[in-house]
Amino acid sequence: MSYIPQLFDFLEELRANNNRPWFAEHKAEYEQLRAEWLADIDRMIAAMTVWEPALAGQTARSCAYRIYRDTRFSQDKTPFKLFFSAAISPWGRKTRRAGYYIQTGLGNPLDNGLYAGVWCPEPPVLKKLRHAIVDNIEEFDGIINEPALKKNFPDWVGDTLKTIPKGWDRNHPCADLLRRKDYGRFCPCGESFFTDSNWPEIVADKFHSIKPLVDFLNYSIDE
């Protein structure tokens, strides 16, 4: 029997009782649910390693984030996240390169699911990516318009500029891409998706379809 309904029930209760005393009373339940989710993330990483050998050596624990929120600079002082999440890359979760991200939990449809790409690149890196896309636009268009990628990751997500960056013609044919501050795509996944016992392998297949974009971004960053 899937643990996922219990996980979502736990997160719903946490949303109603987002405080340290309640969490301490239910810590054992949290630890059990996290252990089961991490085991599935390990299955997912194993399936991804088939087509991305550089992930060998990565584990769920090296990729998963803590449930504890950093509230130092936030007006929202609730101490716990309402989701489980992990960032998968050959460099673990602490990298500024392109990679893969999964989030399982509560929130609106644009909060939970699968992400792939690069977020919040430093200004020199963002500048390099913009030039790489323009200079290789036919290759880039071929990647992002591949049917499997478009089916699994239909939309760009992340921040954009209101106007085209300084130094570029505002009527540039790649204006929409140049305005992006993040180069990431998203696949929404709700509770029903994760109740399928094969979800780790299904996710690995979906991530496989967007590997060419992740590779393009990383070799552009490394050039």
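Here, the structure is the one placed above.
Predicted model only: the values in this text are computed from it and were never measured. (Residues numbered from 1 in each chain as written. Predicted model: local features only at pLDDT ≥ 70, side-chain atom pairs only at ≥ 80, totals over all residues. Heavy atoms only, no water.)

So, the packing of aromatic side chains: which residues are in play, and what are the values?
For the coordinates displayed, the defined rule picks out 22 aromatic pairs. Summarising the aromatic geometry, the rings of F10 and F23 are spaced 6.5 Å apart at their centres and angled 65° between planes, so their arrangement reads as edge-to-face. Here F10 is found in helix α1 (residues 4–16), whereas its partner F23 is found in helix α2 (residues 20–25), with 13 residues between them in sequence. We note that F10, like F23, is buried. Relative to F80, the ring of F23 lies with its centre 4.1 Å away and its plane at 20°, an arrangement referred to as stacked. On the criterion of sequence distance, the pair formed by F23 in helix α2 and F80 in the loop between α4 (60–63) and β1 (83–88) is long-range, its members being 57 residues apart. (Phe/Tyr/Trp six-rings, centres within 6.5 Å; stacked < 30°, edge-to-face > 60°. Helix = DSSP H or I, 4+ residues; strand = E, 2+ residues; numbered from the N terminus. Buried < 20%, exposed > 50% of the residue type's maximum accessible area, 1.4 Å probe, protein only.)

Got a sec to walk through the pairing of strand β5 (residues 183–188)? Specific residues and values, please.
Most of β5 sits out of view: 5 of its 6 residues are buried. Where strand β3 (residues 113–118) and β5 come together, 6 bridges link them in antiparallel fashion. For G117, the partnering residue across the bridge sits in β5 and is G184. (Pairing = 2+ DSSP bridges.)

Any details on the side chain of K81? Residues and values, ideally.
Following the sequence through the fold, K81 ends up in the loop between α4 and β1. Although buried, K81 forms no salt bridge, and the nearest oppositely charged side chain, D70, lies 9.4 Å from it. Among the polar contacts made by the side chain of K81, one reaches the main-chain carbonyl oxygen of R66 at a distance of 2.9 Å. Excluding residues that lie within four positions of it along the chain, K81 makes contacts with L14, Y65, R66, I67, Y68 and R69. (Lys, Arg positive; Asp, Glu negative; His and termini not counted. Salt bridge = Lys/Arg side-chain N within 4 Å of Asp/Glu carboxyl O. Polar contact = N/O pair within 3.5 Å; in protein donor to acceptor, adjacent residues only side chain to side chain. Contact = heavy atoms within 4.5 Å.)

Any chance you could break down unusual backbone geometry for me, citing the residues and the numbers?
Here C120, not a glycine, exhibits a phi torsion of approximately 55°, which is positive. Here C120 shows up in the loop between β3 and α5 (123–135). On the basis of relative accessible area, C120 is assigned to the exposed category, the value being 51%.

Please provide a residue-by-residue account of the nonpolar core, values included.
Formed by 60 residues in total, the largest nonpolar core has its most connected members in W37, I88, I102 and W199. Contacts of I102, omitting those with residues within four sequence positions, involve I41, M44, F84, S85, A86, I88, G113, L114, F194, W199 and V203. Membership of the second largest hydrophobic core comes to 5 residues, among which are I164, C174, A175 and L178. (Core = buried A, V, L, I, M, F, W, Y, C linked by side-chain atoms within 4.5 Å.)

Tell me about the packing of helix α3 (residues 27–49) against helix α10 (residues 199–222), and please be specific about residues and values.
Orientation of α3 relative to α10, taken along the N-to-C sense of each, is 40°, at an axis distance of 8 Å. Taken together, the axis directions place α3 and α10 in an arrangement best described as oblique. The two elements α3 and α10 cross, and the hand of that crossing is right-handed. On α10, the residues that touch W37, D40, I41, R43, M44, A47 and M48 of α3 are W199, P200, E201, V203, A204 and F207. A breakdown of the residues in the contact of α3 with α10 according to their chemical character gives 10 nonpolar, no polar and 3 charged. (Axes fitted to C-alpha atoms, helices over the stretch in contact; angles between N-to-C directions. Parallel < 35°, antiparallel > 145°, perpendicular 65-115°, else oblique. Left-handed = near helix turned anticlockwise from the far one by under 90°. Nonpolar A, V, L, I, M, F, W, Y, C, P; charged D, E, K, R; others polar.)

Nothing here speaks to function; it is geometry throughout.
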